[in-house]
Amino acid sequence: MYWKYRKKYKHKSKKPVVMFMSEQSTSIGTNLKAVKDRMFARGMDKDYIIVESYRSSVTNPRQGLKSWMDLLKKMAMSDFIFLDDHAPVLDWLILDKDTTLIQLWHAGAGFKSSGYSRWGHIGCPAPYSCHRQYKYGISGSKNIAHFFSEVWGINDSQVLPTGMPRIDEFLDEDYRSKKTKELYEKYPMCKDKKVILFAPTYRGTNKANAHYPYELIDFKRLYELCGDTYVVLFKMHPWVASQVPIAEQYKDRFADVGRYPNINDLFYITELLITDYSSNIFEYSLMKKPMLFFAFDEIQYSFSRGFHRAYEESAPGKVCHTFEEVLQAIAENDLSIRKWKNMWKSILTILTVMHRTGSLTGLYWGSCRSR
(Lines give C-alpha, C1' and ligand atoms only; values in the text may rest on other atoms or scores of the structure.)
Protein backbone atom coordinates (compact mmCIF):
# COMPACT_ATOMS: atom_id res chain seq x y z
CA MET A 1 0.00 0.00 0.00
CA TYR A 2 2.87 2.37 0.78
CA TRP A 3 4.31 2.00 -2.70
CA LYS A 4 0.85 2.44 -4.23
CA TYR A 5 0.48 5.71 -2.38
CA ARG A 6 4.06 6.61 -3.33
CA LYS A 7 3.32 6.40 -7.04
CA LYS A 8 -0.01 8.20 -6.68
CA TYR A 9 0.96 11.17 -4.51
CA LYS A 10 4.73 11.66 -4.87
CA HIS A 11 4.80 13.81 -7.97
CA LYS A 12 1.53 15.70 -7.58
CA SER A 13 3.14 18.77 -6.08
CA LYS A 14 5.93 20.87 -7.54
CA LYS A 15 7.01 21.86 -4.04
CA PRO A 16 9.06 19.57 -1.78
CA VAL A 17 7.05 18.00 1.04
CA VAL A 18 8.27 18.10 4.64
CA MET A 19 6.65 15.82 7.20
CA PHE A 20 6.78 16.18 10.99
CA MET A 21 6.05 12.83 12.54
CA SER A 22 5.81 11.19 15.97
CA GLU A 23 4.75 7.67 16.86
CA GLN A 24 5.35 8.39 20.56
CA SER A 25 2.91 11.22 21.20
CA THR A 26 -0.34 12.66 19.87
CA SER A 27 1.08 16.18 19.95
CA ILE A 28 4.22 17.90 18.71
CA GLY A 29 6.94 18.95 21.13
CA THR A 30 10.62 19.69 21.87
CA ASN A 31 13.02 19.76 18.89
CA LEU A 32 10.32 18.80 16.40
CA LYS A 33 8.22 21.80 17.37
CA ALA A 34 11.25 24.11 17.38
CA VAL A 35 12.16 23.24 13.79
CA LYS A 36 8.58 23.51 12.58
CA ASP A 37 8.05 26.88 14.28
CA ARG A 38 11.25 28.26 12.81
CA MET A 39 10.28 27.14 9.33
CA PHE A 40 7.01 29.05 9.60
CA ALA A 41 8.75 32.06 11.16
CA ARG A 42 11.06 32.22 8.14
CA GLY A 43 8.21 31.85 5.66
CA MET A 44 9.47 28.47 4.49
CA ASP A 45 5.91 27.16 4.43
CA LYS A 46 5.59 29.04 1.13
CA ASP A 47 8.38 26.99 -0.43
CA TYR A 48 7.52 23.64 1.13
CA ILE A 49 4.34 21.70 1.71
CA ILE A 50 4.23 20.78 5.40
CA VAL A 51 2.30 17.75 6.63
CA GLU A 52 2.06 16.29 10.14
CA SER A 53 1.26 13.01 11.86
CA TYR A 54 1.27 12.47 15.63
CA ARG A 55 0.19 9.12 17.07
CA SER A 56 0.92 7.18 20.25
CA SER A 57 1.34 3.84 18.50
CA VAL A 58 4.03 2.68 20.92
CA THR A 59 1.54 2.36 23.79
CA ASN A 60 -1.50 1.92 21.56
CA PRO A 61 -0.42 -0.23 18.58
CA ARG A 62 -4.03 -0.98 17.62
CA GLN A 63 -4.41 2.09 15.44
CA GLY A 64 -7.43 2.08 13.15
CA LEU A 65 -7.33 1.53 9.39
CA LYS A 66 -7.98 5.21 8.71
CA SER A 67 -5.03 6.19 10.90
CA TRP A 68 -2.71 3.80 9.07
CA MET A 69 -3.86 4.90 5.62
CA ASP A 70 -3.42 8.55 6.54
CA LEU A 71 0.10 7.89 7.86
CA LEU A 72 1.18 5.90 4.81
CA LYS A 73 -0.21 8.52 2.44
CA LYS A 74 1.71 11.34 4.15
CA MET A 75 4.92 9.34 4.30
CA ALA A 76 4.60 8.39 0.65
CA MET A 77 4.30 11.99 -0.53
CA SER A 78 7.15 13.30 1.67
CA ASP A 79 10.65 14.25 0.57
CA PHE A 80 11.83 14.95 4.13
CA ILE A 81 10.55 13.25 7.29
CA PHE A 82 11.49 14.60 10.73
CA LEU A 83 11.11 12.28 13.73
CA ASP A 84 11.41 12.99 17.46
CA ASP A 85 12.06 9.43 18.63
CA HIS A 86 11.89 5.80 17.54
CA ALA A 87 9.04 5.03 15.09
CA PRO A 88 8.14 1.29 15.13
CA VAL A 89 6.46 1.52 11.71
CA LEU A 90 9.90 2.14 10.20
CA ASP A 91 11.27 -1.07 11.68
CA TRP A 92 9.52 -2.88 8.84
CA LEU A 93 8.56 -0.22 6.29
CA ILE A 94 11.61 0.57 4.17
CA LEU A 95 11.72 4.08 2.69
CA ASP A 96 13.16 4.62 -0.75
CA LYS A 97 16.43 6.48 -1.34
CA ASP A 98 14.64 9.69 -2.35
CA THR A 99 13.14 10.16 1.13
CA THR A 100 15.41 11.85 3.66
CA LEU A 101 14.67 10.62 7.19
CA ILE A 102 16.03 12.91 9.92
CA GLN A 103 16.10 12.19 13.65
CA LEU A 104 15.60 15.21 15.96
CA TRP A 105 15.92 13.20 19.16
CA HIS A 106 14.74 15.17 22.17
CA ALA A 107 17.52 14.05 24.52
CA GLY A 108 21.06 15.22 24.94
CA ALA A 109 23.69 12.57 25.67
CA GLY A 110 22.85 11.71 29.25
CA PHE A 111 24.28 8.82 31.23
CA LYS A 112 21.99 5.95 30.25
CA SER A 113 22.58 3.93 27.13
CA SER A 114 19.91 3.85 24.42
CA GLY A 115 19.35 2.16 21.07
CA TYR A 116 22.33 0.17 19.81
CA SER A 117 24.53 1.34 22.67
CA ARG A 118 22.44 -1.17 24.67
CA TRP A 119 23.69 -4.05 22.52
CA GLY A 120 23.49 -7.23 24.55
CA HIS A 121 21.03 -5.71 27.03
CA ILE A 122 17.25 -6.08 27.17
CA GLY A 123 15.57 -3.47 24.99
CA CYS A 124 18.25 -3.26 22.32
CA PRO A 125 16.79 -2.85 18.79
CA ALA A 126 16.97 -5.64 16.22
CA PRO A 127 20.00 -5.60 13.88
CA TYR A 128 17.89 -3.70 11.36
CA SER A 129 15.47 -1.14 12.72
CA CYS A 130 14.09 2.35 12.22
CA HIS A 131 17.39 3.84 13.42
CA ARG A 132 19.32 2.38 10.51
CA GLN A 133 17.22 4.36 8.03
CA TYR A 134 18.26 7.81 9.30
CA LYS A 135 20.16 9.81 6.73
CA TYR A 136 20.90 12.40 9.40
CA GLY A 137 20.48 12.96 13.11
CA ILE A 138 21.49 15.85 15.33
CA SER A 139 23.64 16.24 18.44
CA GLY A 140 24.44 19.00 20.92
CA SER A 141 28.03 19.33 19.66
CA LYS A 142 30.71 17.50 17.70
CA ASN A 143 32.25 16.34 20.99
CA ILE A 144 29.30 14.07 21.74
CA ALA A 145 28.23 13.19 18.20
CA HIS A 146 29.78 9.72 18.53
CA PHE A 147 27.33 8.86 21.31
CA PHE A 148 24.44 9.44 18.92
CA SER A 149 25.94 7.54 15.99
CA GLU A 150 26.42 4.60 18.36
CA VAL A 151 22.82 4.82 19.58
CA TRP A 152 21.43 4.87 16.04
CA GLY A 153 23.91 2.52 14.35
CA ILE A 154 24.89 5.06 11.69
CA ASN A 155 28.16 6.72 10.65
CA ASP A 156 29.60 9.63 12.64
CA SER A 157 29.40 11.82 9.53
CA GLN A 158 25.61 11.48 9.50
CA VAL A 159 25.28 13.15 12.91
CA LEU A 160 25.09 16.92 12.47
CA PRO A 161 26.41 18.87 15.50
CA THR A 162 23.83 21.64 15.27
CA GLY A 163 22.99 21.97 18.95
CA MET A 164 19.49 21.27 20.26
CA PRO A 165 16.86 23.39 18.41
CA ARG A 166 14.67 23.66 21.52
CA ILE A 167 17.44 25.60 23.31
CA ASP A 168 16.68 28.69 21.20
CA GLU A 169 13.42 29.10 23.06
CA PHE A 170 14.85 28.03 26.40
CA LEU A 171 17.47 30.82 26.33
CA ASP A 172 15.05 33.50 25.14
CA GLU A 173 14.67 36.06 27.96
CA ASP A 174 11.17 37.13 26.93
CA TYR A 175 10.02 33.53 26.91
CA ARG A 176 11.64 32.94 30.28
CA SER A 177 9.93 35.95 31.86
CA LYS A 178 6.57 34.92 30.45
CA LYS A 179 6.83 31.31 31.64
CA THR A 180 8.14 32.28 35.07
CA LYS A 181 5.11 34.48 35.62
CA GLU A 182 2.78 31.74 34.39
CA LEU A 183 4.37 29.14 36.67
CA TYR A 184 3.98 31.24 39.80
CA GLU A 185 0.34 31.81 38.87
CA LYS A 186 -0.21 28.10 38.25
CA TYR A 187 1.71 26.98 41.34
CA PRO A 188 1.34 29.81 43.91
CA MET A 189 2.87 27.58 46.59
CA CYS A 190 6.24 28.24 44.90
CA LYS A 191 6.19 32.01 45.51
CA ASP A 192 8.87 33.16 47.95
CA LYS A 193 10.05 29.56 48.39
CA LYS A 194 13.05 27.58 47.22
CA VAL A 195 11.80 25.04 44.71
CA ILE A 196 13.21 21.51 44.62
CA LEU A 197 12.39 19.68 41.39
CA PHE A 198 12.39 15.89 41.71
CA ALA A 199 12.71 14.64 38.11
CA PRO A 200 14.19 11.15 37.68
CA THR A 201 14.00 8.92 34.65
CA TYR A 202 11.75 5.85 34.50
CA ARG A 203 12.48 2.26 35.45
CA GLY A 204 11.47 -0.57 33.14
CA THR A 205 12.32 -1.54 29.57
CA ASN A 206 9.89 0.60 27.57
CA LYS A 207 6.87 2.89 27.64
CA ALA A 208 4.47 0.03 28.28
CA ASN A 209 6.01 -1.01 31.60
CA ALA A 210 7.67 2.23 32.73
CA HIS A 211 7.40 2.91 36.45
CA TYR A 212 9.17 4.49 39.42
CA PRO A 213 9.55 2.98 42.94
CA TYR A 214 7.79 5.67 44.98
CA GLU A 215 8.20 3.56 48.12
CA LEU A 216 11.84 4.69 48.25
CA ILE A 217 10.79 8.29 48.88
CA ASP A 218 10.28 9.17 52.53
CA PHE A 219 7.55 11.74 51.97
CA LYS A 220 7.07 12.44 55.68
CA ARG A 221 10.70 13.31 56.38
CA LEU A 222 11.03 15.26 53.14
CA TYR A 223 7.97 17.28 54.10
CA GLU A 224 9.40 18.02 57.53
CA LEU A 225 12.73 19.02 55.98
CA CYS A 226 11.01 21.53 53.72
CA GLY A 227 9.76 23.58 56.67
CA ASP A 228 8.99 27.14 55.61
CA THR A 229 11.93 27.18 53.18
CA TYR A 230 11.30 24.61 50.46
CA VAL A 231 8.53 23.22 48.28
CA VAL A 232 8.95 20.12 46.11
CA LEU A 233 7.64 19.64 42.59
CA PHE A 234 7.59 16.04 41.32
CA LYS A 235 8.02 15.77 37.56
CA MET A 236 8.17 12.11 36.62
CA HIS A 237 9.24 10.83 33.22
CA PRO A 238 6.33 11.11 30.71
CA TRP A 239 6.30 7.32 30.36
CA VAL A 240 5.47 6.82 34.05
CA ALA A 241 1.68 6.62 34.11
CA SER A 242 1.11 6.33 37.87
CA GLN A 243 0.81 9.61 39.73
CA VAL A 244 3.01 10.52 42.65
CA PRO A 245 1.25 9.34 45.87
CA ILE A 246 1.16 12.66 47.70
CA ALA A 247 -0.93 12.50 50.88
CA GLU A 248 -3.46 15.29 51.42
CA GLN A 249 -1.60 16.70 54.42
CA TYR A 250 1.53 17.24 52.32
CA LYS A 251 -0.05 19.14 49.44
CA ASP A 252 0.85 22.58 50.79
CA ARG A 253 4.53 21.78 50.12
CA PHE A 254 4.39 19.00 47.50
CA ALA A 255 2.87 19.03 44.00
CA ASP A 256 2.75 16.48 41.18
CA VAL A 257 3.52 18.46 38.00
CA GLY A 258 3.74 15.41 35.77
CA ARG A 259 1.16 16.79 33.36
CA TYR A 260 3.02 20.05 32.86
CA PRO A 261 4.14 19.74 29.23
CA ASN A 262 7.68 21.17 29.26
CA ILE A 263 10.15 20.35 32.00
CA ASN A 264 12.53 23.03 30.76
CA ASP A 265 10.06 25.74 31.81
CA LEU A 266 10.13 24.40 35.37
CA PHE A 267 13.87 24.93 35.54
CA TYR A 268 13.33 28.70 35.61
CA ILE A 269 11.90 28.58 39.14
CA THR A 270 13.94 25.61 40.42
CA GLU A 271 16.71 26.05 42.98
CA LEU A 272 17.75 22.40 43.25
CA LEU A 273 17.26 19.57 40.76
CA ILE A 274 17.15 15.99 42.04
CA THR A 275 17.50 13.47 39.22
CA ASP A 276 19.43 10.28 38.41
CA TYR A 277 20.41 9.22 34.88
CA SER A 278 18.30 11.69 32.90
CA SER A 279 19.58 14.00 30.19
CA ASN A 280 17.68 16.89 31.78
CA ILE A 281 20.98 17.81 33.47
CA PHE A 282 22.12 19.51 30.27
CA GLU A 283 19.37 22.10 30.09
CA TYR A 284 19.33 22.60 33.84
CA SER A 285 23.08 23.25 33.86
CA LEU A 286 22.36 26.50 32.01
CA MET A 287 20.62 27.75 35.16
CA LYS A 288 23.98 27.52 36.99
CA LYS A 289 22.32 25.95 40.02
CA PRO A 290 23.16 22.75 41.94
CA MET A 291 21.93 19.19 41.37
CA LEU A 292 21.64 16.05 43.46
CA PHE A 293 21.66 12.53 42.02
CA PHE A 294 19.51 9.87 43.69
CA ALA A 295 21.08 6.77 42.13
CA PHE A 296 19.75 4.06 44.45
CA ASP A 297 20.21 1.40 41.74
CA GLU A 298 23.45 2.57 40.14
CA ILE A 299 25.08 -0.88 40.03
CA GLN A 300 21.94 -2.68 38.83
CA TYR A 301 21.23 0.03 36.26
CA SER A 302 24.81 -0.14 35.01
CA PHE A 303 24.53 -3.88 34.33
CA SER A 304 20.97 -3.92 32.97
CA ARG A 305 21.03 -0.76 30.89
CA GLY A 306 24.60 0.47 30.74
CA PHE A 307 26.15 3.94 30.82
CA HIS A 308 27.81 6.02 28.15
CA ARG A 309 30.38 7.27 30.66
CA ALA A 310 31.63 6.69 34.20
CA TYR A 311 28.63 7.77 36.25
CA GLU A 312 30.02 9.15 39.49
CA GLU A 313 32.91 10.86 37.73
CA SER A 314 30.60 12.56 35.24
CA ALA A 315 27.61 13.47 37.42
CA PRO A 316 27.76 17.27 37.98
CA GLY A 317 26.67 17.02 41.59
CA LYS A 318 26.64 14.84 44.69
CA VAL A 319 25.60 11.22 44.08
CA CYS A 320 23.36 9.69 46.77
CA HIS A 321 22.51 5.99 46.96
CA THR A 322 19.86 6.19 49.68
CA PHE A 323 17.08 8.66 50.32
CA GLU A 324 18.61 9.26 53.74
CA GLU A 325 21.69 10.61 51.95
CA VAL A 326 19.47 12.87 49.84
CA LEU A 327 17.81 14.33 52.93
CA GLN A 328 21.15 14.80 54.64
CA ALA A 329 22.67 16.56 51.64
CA ILE A 330 19.77 19.03 51.50
CA ALA A 331 19.79 19.63 55.26
CA GLU A 332 23.55 20.24 55.34
CA ASN A 333 23.61 22.11 52.01
CA ASP A 334 26.13 19.52 50.82
CA LEU A 335 25.53 19.97 47.12
CA SER A 336 29.05 19.63 45.70
CA ILE A 337 29.04 23.15 44.35
CA ARG A 338 32.71 23.02 43.47
CA LYS A 339 32.26 19.90 41.35
CA TRP A 340 29.27 21.42 39.64
CA LYS A 341 31.04 24.71 38.87
CA ASN A 342 33.98 22.86 37.34
CA MET A 343 31.68 20.95 34.99
CA TRP A 344 28.96 23.32 33.95
CA LYS A 345 31.06 25.21 31.40
CA SER A 346 31.71 22.08 29.36
CA ILE A 347 28.02 21.16 29.46
CA LEU A 348 27.14 24.72 28.47
CA THR A 349 29.39 24.35 25.42
CA ILE A 350 27.62 21.14 24.39
CA LEU A 351 24.25 22.86 24.29
CA THR A 352 25.09 26.33 23.01
CA VAL A 353 28.06 25.82 20.71
CA MET A 354 25.92 26.79 17.72
CA HIS A 355 23.50 29.17 19.45
CA ARG A 356 25.69 32.23 19.01
CA THR A 357 25.45 31.88 15.23
CA GLY A 358 21.76 32.77 15.32
CA SER A 359 19.23 30.02 14.79
CA LEU A 360 20.14 26.46 15.54
CA THR A 361 17.20 25.28 13.47
CA GLY A 362 18.12 27.43 10.50
CA LEU A 363 21.69 26.18 10.54
CA TYR A 364 20.47 22.62 10.85
CA TRP A 365 18.05 22.90 7.95
CA GLY A 366 20.78 24.42 5.78
CA SER A 367 23.09 21.52 6.65
CA CYS A 368 20.50 18.98 5.58
CA ARG A 369 19.85 20.68 2.27
CA SER A 370 23.51 21.12 1.39
CA ARG A 371 24.43 17.45 1.81
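Reading the values: the criteria
In every chain, residue numbers begin from 1 and rise along the written sequence. Where local features are concerned, this predicted model is filtered to residues with pLDDT of at least 70; where side-chain atom pairs are given and counted, the filter is 80 or more; whole-chain, interface and lining totals use all residues. Only heavy atoms go into the side-chain values, all of them from the structure, while hydrogens and water stay out. Going along the chain from the N terminus, every DSSP run of H or I of four or more residues is numbered as a helix, and every run of E of two or more is numbered as a strand. By definition, residues are in contact when any of their heavy atoms lie within 4.5 Å. Accessibility here uses a 1.4 Å probe with only protein chains present; expressed as a share of the type maximum, an area under 20% marks a residue as buried, one over 50% as exposed, and anything in between as partly exposed. Note: two strands are recorded as paired if DSSP finds a minimum of 2 bridges between them. A fitted line through C-alpha atoms represents every axis, and for helices the fit uses only the stretch in contact; the resulting angles, taken between N-to-C directions, go from 0 to 180 degrees. Patches in this entry comprise residues that are over 30% relatively accessible and not in a salt bridge; like charges within 9 Å are linked, as are nonpolar side chains (Val, Leu, Ile, Met, Phe, Trp, Tyr) within 5 Å. Only the protein chains shown count as covering a residue, and every accessible area follows the Shrake-Rupley method with a 1.4 Å probe. For salt bridges, the criterion is a side-chain nitrogen of Lys or Arg within 4 Å of an Asp or Glu carboxyl oxygen. We treat Lys and Arg as the positive residues and Asp and Glu as the negative residues; His and chain ends play no part in the count. Think of each charge as sitting on NZ of Lys, CZ of Arg, CG of Asp or CD of Glu. Aromatic contacts are taken between Phe, Tyr and Trp rings whose centres are within 6.5 Å, Trp giving its six-membered ring; a plane angle under 30 degrees counts as stacked, one over 60 as edge-to-face, and the others as tilted. For a ring to carry a charge above it, either NZ of a lysine or CZ of an arginine must fall within 6 Å of the ring centroid while also lying within 35 degrees of the normal to the ring plane. Only buried residues count toward a nonpolar core. Its members are Ala, Val, Leu, Ile, Met, Phe, Trp, Tyr and Cys residues joined through side-chain atoms within 4.5 Å. Here a crossover is taken to be right-handed if, once the strands point away from the viewer, the path from the first strand over the helix to the second is traced clockwise. To estimate how far a helix should reach, multiply one less than its number of residues by 1.5 Å. Note that the arc is defined by the directions from the helix axis to the C-beta atoms. Identification of polar contacts relies on pairs of N or O atoms within 3.5 Å, with a donor-acceptor requirement for protein atoms, meaning one able to donate a hydrogen and the other able to accept it, and with residues adjacent in sequence counted only if both atoms are side-chain atoms.

S.K.: Is there a simple way to explain the environment of Cys124 in this structure?
M.R.: Looking at the element boundaries, Cys124 is found in the loop between β4 (100-103) and β5 (136-138). Along the sequence, Cys124 and Thr205 sit 81 residues apart, while their C-alpha atoms lie 9.5 Å from each other. Not counting the four nearest positions on each side in its chain, Cys124 is found in contact with Gly115, Tyr116, Arg118 and Trp119.

S.K.: Sorry if this is basic, but what is going on with the pairing of β4 here?
M.R.: In regular strands, side chains alternate between the two faces of the sheet. The two faces of β4 match: Thr100 and Ile102 on one face and Leu101 and Gln103 on the other face are all buried. With four bridges connecting them, strand β3 (residues 80-83) and β4 associate as parallel partners. Each residue of the ladder has a partner; that of Phe82, found in β4, is Ile102. As paired elements, β4 and β5 share two bridges and run parallel to each other. Among the inter-strand pairings, Gln103 is bridged to a residue of β5, identified as Gly137.

S.K.: Sorry if this is basic, but what is going on with the sheet that holds β4 here?
M.R.: Strand pairing in a sheet takes place through backbone hydrogen bonds and is either antiparallel or parallel in direction. If you trace the six strands from one edge of the open sheet to the other, you get β2-β1-β3-β4-β5-β6, paired in parallel fashion. Of all strands in the sheet, those with a lone pairing partner are β2 (49-54) and β6 (159-160), marking the two edges. Here helix α2 (residues 30-41) sits on the sheet and contacts β1 (17-22), β2, β3 and β5; the angle it forms with β1, its principal contact strand, is near 155°. Against the sheet, helix α3 (residues 65-77) makes contact with β1, β2 and β3, and its axis sits at roughly 140° relative to β1, the strand it touches most.

S.K.: Just to check I follow, could you spell out unusual backbone geometry for this structure?
M.R.: Of all residues except glycine, most have a negative phi; of all peptide bonds, most are trans. Of note, Asp192 is a non-glycine position whose phi angle comes to about 60°, a positive value. Examined against the element boundaries, Asp192 turns out to sit in the loop between α6 (173-186) and β7 (194-198). On the basis of relative accessibility, which here comes to 82%, the residue Asp192 falls in the exposed class. Unlike most non-glycine residues, Lys288 shows phi in positive territory, near 60°. Within the element layout of this structure, Lys288 appears in the loop between α9 (280-285) and β11 (291-294). The partly exposed category is assigned to Lys288, whose relative accessible area is 47%.

S.K.: Even after reading the chapter, I still don't get a negative patch on the surface, so can you show me in this structure?
M.R.: Taken together, the side chains of Glu169, Asp172, Glu173 and Asp174 make up a negatively charged region of the molecular surface. Here Asp172 lies in the loop between α5 (167-170) and α6.

S.K.: Can you walk me through the packing of aromatic side chains in this structure?
M.R.: The relation between two aromatic rings is expressed through the spacing of the ring centres and the mutual angle of the planes. According to the stated counting rule, one finds 24 aromatic pairs in the structure shown. For the ring pair Tyr212 and Tyr214, a centre distance of 5.9 Å and an interplane angle of 55° mean the geometry is tilted. Residue Tyr214 is classed as buried on the basis of its relative accessible area of 9%. Within the aromatic cluster, the residues linked to one another by ring pairs are Phe198, Tyr212, Tyr214, Phe219, Tyr223, Phe234, Tyr250, Phe254, Phe294, Phe296 and Phe323. Just above the ring of Trp68 sits the side chain of Arg55; from NZ or CZ to the centre is 4.2 Å. Sitting above the plane of the Tyr223 ring, Arg253 keeps its charged end 4.2 Å from the centroid.

S.K.: Can you help me understand the pattern of salt bridges in this one?
M.R.: Pairing between side chains of opposite charge can happen when the charged atoms of each approach one another. Scanning the model with the defined rule gives 15 salt bridges in all. Two residues, Lys36 and Glu52, come together in a salt bridge whose shortest N-O distance is 3.0 Å. Here Lys36 is found in helix α2, whereas its partner Glu52 is found in strand β2, with 16 residues between them in sequence. Lys74 is paired through a salt bridge with Asp70; the nearest N and O atoms lie 3.2 Å apart. Of this pair, Lys74 and Asp70 both sit in helix α3, four residues apart, which is roughly one turn of that helix. What you see here is one network of salt bridges that share partners, running through Arg203, Asp276 and Asp297.

S.K.: Mind showing me how you'd approach the nonpolar core here?
M.R.: Note that soluble globular proteins tend to have their nonpolar side chains buried in a common cluster. Ranked by size, the top nonpolar core spans 50 residues in total, and within it Phe20, Met39, Cys190 and Leu233 carry the most contacts. Counting 32 residues, the second largest nonpolar core, distinct from the first, contains Ile217, Ile246, Tyr250 and Phe323.

S.K.: Would you mind going over the pairing of β11 with me for this structure?
M.R.: Going residue by residue along β11, you find Met291 and Phe293 tucked away on one face and Leu292 and Phe294 tucked away on the opposite face as well. In the sheet, strand β10 (residues 270-275) pairs with β11 via three bridges, with the strands oriented parallel. Note on β11: the bridge partner recorded for Thr275 is Phe293. Assessed by its sense of winding, the connection that carries the chain from β10 through α9 to β11 is right-handed.

S.K.: What is the right way to read the sheet that holds strand β9 (residues 254-256) from this model?
M.R.: The six strands lie next to each other as β9-β8-β7-β10-β11-β12, forming an open sheet whose pairing is parallel. A single partner strand is all that each edge strand has here, and the edge strands are β9 and β12 (318-320). Here the strands of the sheet are splayed against their neighbours by 20° on average, with no regard to which way each runs. Inspection of the sheet shows β7 paired to β10 by four bridges, in the parallel sense. Following the sheet pairing, Phe198 is matched in β10 by Ile274.

S.K.: Hey, could you run me through α6 in this one?
M.R.: Each turn of an α-helix holds 3.6 residues, which means side chains three or four residues apart point in the same direction. An ideal rise of 1.5 Å per residue puts 20 Å on 14 residues; α6 measures up with 20 Å between its terminal C-alpha atoms. What α6 keeps buried is the set Tyr175, Lys179, Thr180 and Leu183. What you see down the axis of α6 is that its buried residues fit within an arc of 130°, all on one side. Turned more than 90 degrees off the buried face of α6, the exposed positions are Glu173, Asp174, Lys181 and Glu185. Near the N-terminus of α6, the side chain that reaches the backbone nitrogen of Asp174, with its oxygen 3.1 Å away, is that of Asp172.

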